[in-house]
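# Structure at a glance
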Amino acid sequence: MEKTLNFSEPFLNAEYVSDIENYPIQDKTIVINLDSQKVEIEDFQLQPMKSALFSNSIITKAKSLILITVSEEDFLGQKIQIDEEIIKYSWHHVFDFFNLPHLKNTPLWLSEKETIGTMELNLWYAPKGTHCGLHNNHPFRELHTQIIGVGSMQKFHENNPKTLYQEVMMSPGYTHDPFYSNGGKYPWHQYYAETDCIWLAIEMHE
Ligand SMILES: [Fe+2]
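Source: prediction; values computed, not measured.

## Regarding the coordination of the iron ion
Coordination of the iron ion by the protein involves His 135 (NE2), His 138 (NE2), Glu 142 (OE) and His 189 (NE2), with metal-donor separations of 2.0 to 2.1 Å. Bound by four donor atoms, the iron ion shows angles of 86 to 174 degrees at the metal and therefore irregular coordination geometry. Expressed as a motif, the donor residue spacing for the iron ion is H-x2-H-x3-E-x46-H. One end of the pair, His 138, is in the loop between β11 (119–126) and β12 (141–148); the other, His 189, is in strand β15 (residues 188–193), and 51 residues separate them in sequence. In terms of burial, His 138 and His 189 fall into one category: buried.

Below is the structure:
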């Protein structure tokens with residue numbers, strides 16, 4: 001099965017594929033493994049809930065993948081193609097969804113959501129230098145995959161930017177390890193956009 005995801009945009013193609021065999025990839029593609037089994041791509045084993053960047057490759061067999069392509073010059077965020085139209089008509093400002101005072105003036109936008117099984121996914125966009133906001137509570141488990149630009153997932157001892165203690169650098173095709181504990185507890189954390197960035201949020205609702 002192949003399906004174009006509803007946050008696919010002219011500058012970013014996002015497909016969901018399931019139950020594929022000997023599936024060819026040509027253009028540079030971020031492959032995200034949503035299954036609980038690893039996936040073989042050429043000589044690489046893509047672990048569950050991890051992602052990697054491939055081109056000119058064959059995916060031997062996979063149950064549940066997201067494939068995202070953007071143009072070559074977009075990958076490092078040098079020429080993000082998000083224009084006024086997309087922000088105005090298709091994506092939403094974060095404050096429209098999360099009515100928190102500190103987000104009102106944060107330049108942070110989110111795309112439509114897509115549901116795959118018990119997961120909900122959407123894209124986020126923030127320009128260079130954006131602190132996306134410290135928080136430590138989620139009613140779900142979350143992971144993020146970097147799509148465009150370079151960002152950083154940051155952890156803090158307290159709800160205070162000065163208490164930063166870990167930064168996980170995110171480059172295109174990278175999914176960070178879980179920040180949540182086995183019991184679903186989170187440290188204070190935030191996403192920081194080192195450059196203009198687009199990333200995928202994966203929420204696991206189960
Ligand atoms: Fe979070």
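So that's the structure; there's more coming.
## A short note on unusual backbone geometry
Where the residue is not glycine, phi is negative for most of them; where a peptide bond is considered, it is trans in most cases. Even without glycine at this site, Asn 22 takes up a positive phi of about 45 degrees. As for its position among the elements, Asn 22 is in strand β2 (residues 12–25). What makes Asn 22 exposed here is its relative accessible area of 52%. Phi is positive for Asn 56, which is not a glycine, with a value near 45 degrees. You can call Asn 56 exposed: its relative accessible area is 65%.

## A word on the domain arrangement of the protein chain
Per the domain assignment, the segments making up the protein chain are domain 1 (2–72) and domain 2 (73–204). With 22 residues of domain 1 in contact, the opposing surface of domain 2 contributes 32 residues. Of the roughly 2,300 Å² buried where domain 1 meets domain 2, counting both sides, 69% is carbon and sulfur surface. The three residues of domain 1 that bury the most area against domain 2 are Phe 7, Phe 11 and Met 49, which together make up 27% of that side's buried surface. With a closest N to O distance of 2.4 Å, Asp 177 and Lys 50 form a salt bridge. Our count for the domain 1 to domain 2 interface comes out at nine residue pairs in polar contact (both at pLDDT 80 or more). At the level of elements, β2, β3 (29–33), β6 (51–54) and β7 (57–70) are the ones that each hand at least two residues to the side of domain 1 that touches domain 2. Within the side of domain 1 that touches domain 2, the residues separate by chemical class into 14 nonpolar, three polar and five charged.

## With respect to the packing of aromatic side chains
If you walk through the whole model with that rule in mind, you get four aromatic pairs. Between Tyr 191 and Trp 199, the ring centres sit 3.6 Å apart and the planes meet at 15 degrees, which makes this aromatic pair stacked. In this structure Tyr 191 comes out as buried when scored by relative accessible area, which is 5%. Taking the relative accessible area as the measure of exposure, Trp 199 reaches 3% and is therefore buried. A cation sits over an aromatic face here: Lys 155 above Phe 179, 4.8 Å from the ring centre.

Thresholds applied
- Residues numbered from 1 in each chain as written.
- Predicted model: local features only at pLDDT ≥ 70, side-chain atom pairs only at ≥ 80, totals over all residues.
- Heavy atoms only, no water.
- Donors = N, O, S within 2.8 Å, 3.2 Å for Na, K, Ca; no water.
- Tetrahedral: all angles 85-135°; square planar, octahedral: opposite > 155°, others 65-115°.
- Helix = DSSP H or I, 4+ residues; strand = E, 2+ residues; numbered from the N terminus.
- Buried < 20%, exposed > 50% of the residue type's maximum accessible area, 1.4 Å probe, protein only.
- Domains from an automatic or database assignment.
- Contact = heavy atoms within 4.5 Å.
- Buried area = accessible area lost by both parts, 1.4 Å probe.
- Salt bridge = Lys/Arg side-chain N within 4 Å of Asp/Glu carboxyl O.
- Polar contact = N/O pair within 3.5 Å; in protein donor to acceptor, adjacent residues only side chain to side chain.
- Nonpolar A, V, L, I, M, F, W, Y, C, P; charged D, E, K, R; others polar.
- Phe/Tyr/Trp six-rings, centres within 6.5 Å; stacked < 30°, edge-to-face > 60°.
- Lys NZ or Arg CZ within 6 Å of the ring centre and 35° of its normal.

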